[in-house]
Amino acid sequence: MTEQLLDKVDDHYIPDANLLITEDDTPVDNFPSAKQQRLLVSSLYSYLELQPFLSEANVGIYHTDGEPAIVPDVFISFDVETPEDWWKKQNRCYMVWKFGKSPELVMEIVSNQEGEELTKKLKIYERMKVNYYLVYDPNQELGEEQLHIYQLVGRNYLKTPETWLTDINLGVTFWEGEFEGRHDIWLRWCDQKGMVIPTGDERAAREKLEKEEAQRRAQESENRAQLLAQKLRELGVDPDTI
């Protein structure tokens, strides 16, 4: 089986993507998880516009020859980009040997007690040398903690209470508000000061409000100037000579 999966390129063997299952059309997610994933991924693309990176939800990561892909709910990989021809079989998912590195962060969102997020998956990501592994358990299926954060130290994960992820210059925080018409408590990215990183829509809405406020202040200033000019004329003073 190993020989069938391998091609020889410059004396190095790489798996043959044509023999890998890059998608199986199996619906695996629920509404809240899907919406949470979109929030996390979309906000990164509006925030890290000038930095090459790749962040996706439910895209398979092939990490070891002969083993199936692991499919995290969210991952971030810096200094890589989506291949130009992404419809080619070998470009449809994340193959570690093709990108030359594992993602810096993976996240699993817990929806039941059968996902093995704190056991089997943790060991796989640890072996892949993913810098940060986050397990978000909104319904506390696995215990009292809603958020588990693991950082790779040497060859092993150590659990940490730190929500600022120094190596990737991102933090995580809980935020109550509305996203895509749904009010809830969401897990969000944040800066080092704890300020939530906005989505593109949130940024556009904020900029619109700021523009409207600036226009309102300018109009009020103009109205005051006109009122003052009128008062001066009533007193026989030409405001244009002042």
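Presented here is a report on the structure given in the accompanying data block. (Residues numbered from 1 in each chain as written. Predicted model: local features only at pLDDT ≥ 70, side-chain atom pairs only at ≥ 80, totals over all residues. Heavy atoms only, no water.)

**Structural notes on helix α4 (residues 120-128)**
This is how it is decided: Each residue's exposure class comes from its accessible area (1.4 Å probe, protein chains only) as a fraction of the maximum for that residue type: buried when under 20%, exposed when over 50%, partly exposed otherwise. By the criteria applied, helices consist of DSSP H or I runs no shorter than four residues and strands consist of E runs no shorter than two, each listed in order from the N terminus.
Of the residues making up α4, those classed as buried are L122, I124, Y125, E126 and M128. Phi turns positive, to about 65°, at K129, one or two residues after α4.

**Examining the pairing of strand β10 (residues 156-159)**
Side chains on a regular strand alternate between the two faces of the sheet. The condition is simple: Should DSSP find at least two bridges between two strands, the strands are regarded as paired.
As paired elements, strand β9 (residues 147-153) and β10 share 4 bridges and run antiparallel to each other. Its bridge partner being in β10, V153 is matched across the sheet by N156. Counted between consecutive antiparallel strands, the loop separating β9 from β10 contains 2 residues, among which G154 sits at a positive phi close to 70°.

**Examining the sheet that holds strand β11 (residues 164-165)**
Our working rule: Whether two residues are in contact is decided by their heavy atoms: any pair within 4.5 Å suffices. Orientation is described by lines fitted to C-alpha atoms, with helices fitted over the stretch in contact, and by angles between N-to-C directions that extend from 0 to 180 degrees.
A sheet is described by the order of its strands in space; here 3 strands give the open sequence β11-β12-β13, paired in antiparallel fashion. In the strand order of this sheet, the two ends are held by β11 and β13 (182-190), each with one partner. As paired elements, β11 and strand β12 (residues 170-179) share 2 bridges and run antiparallel to each other. Note on β12: the bridge partner recorded for L165 is L170. The strands touched by helix α2 (residues 31-47) are β12 and β13; relative to β13, the strand with the most contacts, the crossing angle is about 45°.

**A word on the nonpolar core**
As a reminder of what qualifies: The term nonpolar core refers to a set of buried residues drawn from Ala, Val, Leu, Ile, Met, Phe, Trp, Tyr and Cys, joined through side-chain atoms within 4.5 Å.
One finds I61, Y125, Y133 and Y157 to be the most contacted residues of the largest nonpolar core, which totals 24 residues. Only β4 (61-62), β6 (94-95), α3 (96-99), α4, β8 (132-136) and β9 provide two or more residues apiece to this core. If one sorts the elements of this core by residue count, α4 sits on top with 4 residues. Ignoring sequence-local partners within four residues, the contact set of Y125 consists of I70, V71, P72, V106, E108, V130, Y133 and Y157. Within the second largest apolar cluster, 23 residues are counted, among which are L40, V74, I109 and Y136.

**Regarding the sheet that holds strand β3 (residues 53-56)**
One open sheet holds the 6 strands; their spatial order is β3-β5-β7-β8-β9-β10, and the pairing between them is mixed. In this open sheet, the two strands that pair with only one neighbour each are β3 and β10. If you compare each strand with its neighbour and ignore which way they point, the axes differ by 15° on average. In this structure, strand β5 (residues 74-78) lies alongside strand β7 (residues 105-109), joined through 3 bridges in antiparallel fashion. Residue pairing across strands places V74 opposite M107, the latter belonging to β7. Here α2 sits on the sheet in contact with β3, β5, β7 and β8, set at roughly 165° to β3. Sheet strands touched by α4: β7, β8, β9 and β10. Its angle to β10, the strand with the most contacts, is close to 120°.

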